[in-house]
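# Understanding the architecture of this molecule
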Amino acid sequence: MPQKILAGRAADPQLRGDLVQVKVDQVILSRAPSRALAEAIATGMKKTPVEVAVAYDGTCVADASSLADIDEGSPHSVSPEFPTYNIPIARPGIGFPAPVHLERFAAPARLALTDDPRLATVGGIGMLSLVVSPSQLGQALATGSAWLRPPRSVQIHLSGRVRPFVCARDVALELLRRNLDEVVRRIEGEHHAPVILEFAGPSARLLSVGDRAVLCGIAPQVGAAAALFVSDEKTEVFLRDQRRSKAHRALVPDPGAPCEEVVSIDLGTVDPLLMDEEGVVRPVRDLAGKPVTQVVLGGDSGVTLRDMLAAALLLKSKRVPSRLDLLVAPPSRQVLEVLAQSGALVDLVATGARIIEPDRRVVTSEVYPPPPGGLSLRTADPEPRIAGTPSFVVASAETLAYAVATGAVGDPRSFKRPVRVTVPRALPTDDVLILRDKKGEQVSTKKPPTAPPAVPWKGPLTLDVLAGVPKLNGRAAVGARGRKAPAAVEAAPAAADEKAQAAPAGGVALVLSTLDEVRAVAERATDLSAVRAVVAPFVPSTAVSAFASEGIATFLVGAEALGSIKDQKSVELPAPAQWGDRVAAVFGSERVEVAWLATGMERSWTHAGTVRQPPSASKPAR
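Residues numbered from 1 in each chain as written. Predicted model: local features only at pLDDT ≥ 70, side-chain atom pairs only at ≥ 80, totals over all residues. Heavy atoms only, no water.

The helix and strand tally for the protein stands at 19 helices and 28 strands. Taken over the C-alpha trace, the protein has a radius of gyration of 24 Å; the compact-globule value for 622 residues is 25 Å, and the two agree within 12%. In terms of overall dimensions, the protein has a C-alpha envelope of 70 × 55 × 55 Å along the principal axes. Counting every position in the protein, which comprises 622 residues, the buried fraction comes to 59%. Considering only contacts within the protein whose residues lie at least 6 apart along the sequence, 76% involve residues at least 24 apart. Total accessible area computed for the protein in this model is approximately 24200 Å², and 52% of it derives from carbon and sulfur atoms. Counting 71 positive and 67 negative side-chain charges, the protein places the centres of these two groups 4 Å from one another. (Helix = DSSP H or I, 4+ residues; strand = E, 2+ residues; numbered from the N terminus. Rg over C-alpha atoms; globule rule 2.2 N^0.38 Å. Buried < 20%, exposed > 50% of the residue type's maximum accessible area, 1.4 Å probe, protein only. Contact = heavy atoms within 4.5 Å. Areas by Shrake-Rupley, 256 points an atom, 1.4 Å probe, with all protein chains shown as cover. Lys, Arg positive; Asp, Glu negative; His and termini not counted. Charge placed at Lys NZ, Arg CZ, Asp CG, Glu CD.)

So, about the pattern of salt bridges. Per the stated rule, a full pass over the model turns up 35 salt bridges. Among the ionic pairs, Arg-163 bridges to Asp-271, the shortest N-O distance being 2.4 Å. With a gap of 108 residues between them, Arg-163 in the loop between strand E8 (152-159) and helix H6 (168-177) and Asp-271 in the loop between strand E11 (261-266) and strand E12 (273-275) connect regions that are remote in the sequence. The class of Asp-271 is partly exposed, set by a relative accessible area of 23%. Residues participating in the shared-partner salt-bridge network are Arg-31, Asp-116, Arg-118, Asp-300, Glu-383 and Glu-523. (Salt bridge = Lys/Arg side-chain N within 4 Å of Asp/Glu carboxyl O.)

This next bit is on the nonpolar core. With 45 residues, the main nonpolar core has Phe-555 and Leu-573 as its most contacted residues. With residues up to four places along the chain from it excluded, the contact list for Phe-555 reads Ala-533, Val-534, Val-535, Ala-536, Leu-573, Trp-579, Val-583, Val-594, Ala-595, Trp-596 and Leu-597. Counting residues in each nonpolar core, the second largest holds 40 residues, with Leu-15, Val-24, Ala-55 and Phe-82 among its members. (Core = buried A, V, L, I, M, F, W, Y, C linked by side-chain atoms within 4.5 Å.)

All right, on to the pairing of E8 then. Sheet topology note: the E8/strand E9 (residues 195-200) ladder contains six bridges and is parallel. Bridging across to E9, Val-154 finds its partner in Leu-197. (Pairing = 2+ DSSP bridges.)

Quick look at a nonpolar patch on the surface now. A cluster of nonpolar residues, Leu-336, Val-349 and Ile-355, forms a patch on the protein surface that exposes about 220 Å² of accessible area. Along the chain, the position of Val-349 falls in helix H12 (residues 344-351). (Patch = residues over 30% accessible without salt bridge, like charges linked within 9 Å, V, L, I, M, F, W, Y side chains within 5 Å.)

Following both chains from N to C, one finds helix H10 (residues 305-314) and helix H14 (residues 397-406) inclined at 20°, their axes separated by 9 Å at the closest point. Classified by the angle between their axes, H10 and H14 sit roughly parallel to one another. Helix-helix and strand crossings are classified by hand; for H10 and H14 the assignment is right-handed. Contact with H10, carried on its side by Arg-306, Asp-307, Ala-310, Ala-311 and Leu-314, involves Ala-397, Glu-398 and Ala-401 of H14 and no other residues of that element. (Axes fitted to C-alpha atoms, helices over the stretch in contact; angles between N-to-C directions. Parallel < 35°, antiparallel > 145°, perpendicular 65-115°, else oblique. Left-handed = near helix turned anticlockwise from the far one by under 90°.)

Moving on, we get to the sheet that holds strand E23 (residues 508-511). Strand order in the closed barrel formed by seven strands is E20-E23-E24-E25-E28-E27-E26, with mixed pairing between adjacent strands. Neighbour-to-neighbour, the strand axes of the sheet open up by a mean angle of 35°, direction not taken into account. With six bridges joining them, strand E27 (residues 582-587) and strand E28 (residues 590-596) adopt antiparallel strand pairing. Note that in E28 the partner of Arg-582 across the bridge is Ala-595. Helix-sheet contacts for helix H18 (residues 559-566) involve strand E20 (461-467), E23, E27 and E28, and the interaxial angle to E23 is about 135°.

Structure (structure tokens):
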């Protein structure tokens, strides 16, 4: 299915070559909207030619820091200039980007580019969503096209029916427990291409679009580029309920279409599961009886409207225990209105719940963090697990409801009698919080954001070696590229702090051990201004491309050499003209052959320090 979507938009329908140029239908800006707009303006954009482009402003709880970011034009803020370029702004309070986009904009059989891995959930409607860097998003906004690696597919065959008190969140956790990440990593290593999860089988067509979105949300955690469901009659009903019937297109795999591997799962064998604080998926009974101090119901993934209604029914007439804090974060404004109209919101408030705003910092635990020394249960997918980040337990909405009712972790099947949930068909679809360009409105006097200068690779370079993921503190400029970034870049290990604080003129090379570390760095690449190279035993193809577009070289190293490399203080890299598939790097006094993962045009992006092209060179997509 992903190949069908790309082939219909590619300059080469056969998808031959390391990279192919494809027409983009949608651009979703969430993590660094102003940076993407600045890149597009630098390319010469006057009005974006893409079918749908939306910038999500996720800062609902304003504080001194967030207000200063807006005033200074931080890359993560949303510039008021967006509607001028035919890019609507989803204002604070509309909800988290992933569920809102699924309801209001996502369309089957289309291609979307985004800077937020959490937008993988829109694959539940049959839309292919790929994560790229802000500079690539800028090119897509300006030209309507992008260069992408042709993907490979892993089919997940679903059969059987889920039992009572088993939700889509439990099925997603079961897939994680079956080491799907190892399958993705092996196929990536063989083909050097992005891996996309395709859900198929008789039970795939029985799931609602909301449940499908929950399953697609696991793609970033296993290293996959995206996940995709068929677009069928269930999808058509969902779009009809959203008053967007015209957006429907059928999308089914061709008979006998090849895939790299098939993973089968019987939904009838899935039990209530949870992901513990260490990231290990276990049956709920393994933690039964453990006291809970915080529950966050909702967020941007892992929960559907049906799940929210079920949790409210299970908690009706219950009371929150004295040592437990129940926070409800409705995924979208639509869900909040349905909860209010059905009376479920009143039931949750009567239980003792606090309704919190859909601020982007809720899912990252920057606000409402897990209490120290206590256990926090949440429905949303976690951020990449790295040292120093808050950790919590991930479980289904019904498991969370049992924890609220009893004050401890337990199997939701102990409720004995499952609730009957009726999801209303008449859904509120008022887009009052979507700010569009309107004639006669006063034009903003602020200058549009400007793109940072590119810093190309010139000659041999000596980089300081940092092991682990840098932590970002402060908001001043630092680093070799002169890019706006936090004042200090601190590595997680204490030994790396002095190097990071110094911000060496040559830059730094990050040595990363796990997929979560690579994911965390890829998501922060625009802020890590001093980083010039990433060395790891596994880097997904999408991250390689994103790094290359920021001028960051990505190298593959064997796990056996990783330990000795981490202990070195610096690495010497030859001049880019001497780089090939293998690069001779000198870590301290040790010579190590590393594999350069960039391919095709990605190599020229790395050398140039950007994917950006001058306005005269940009041409609109066909």
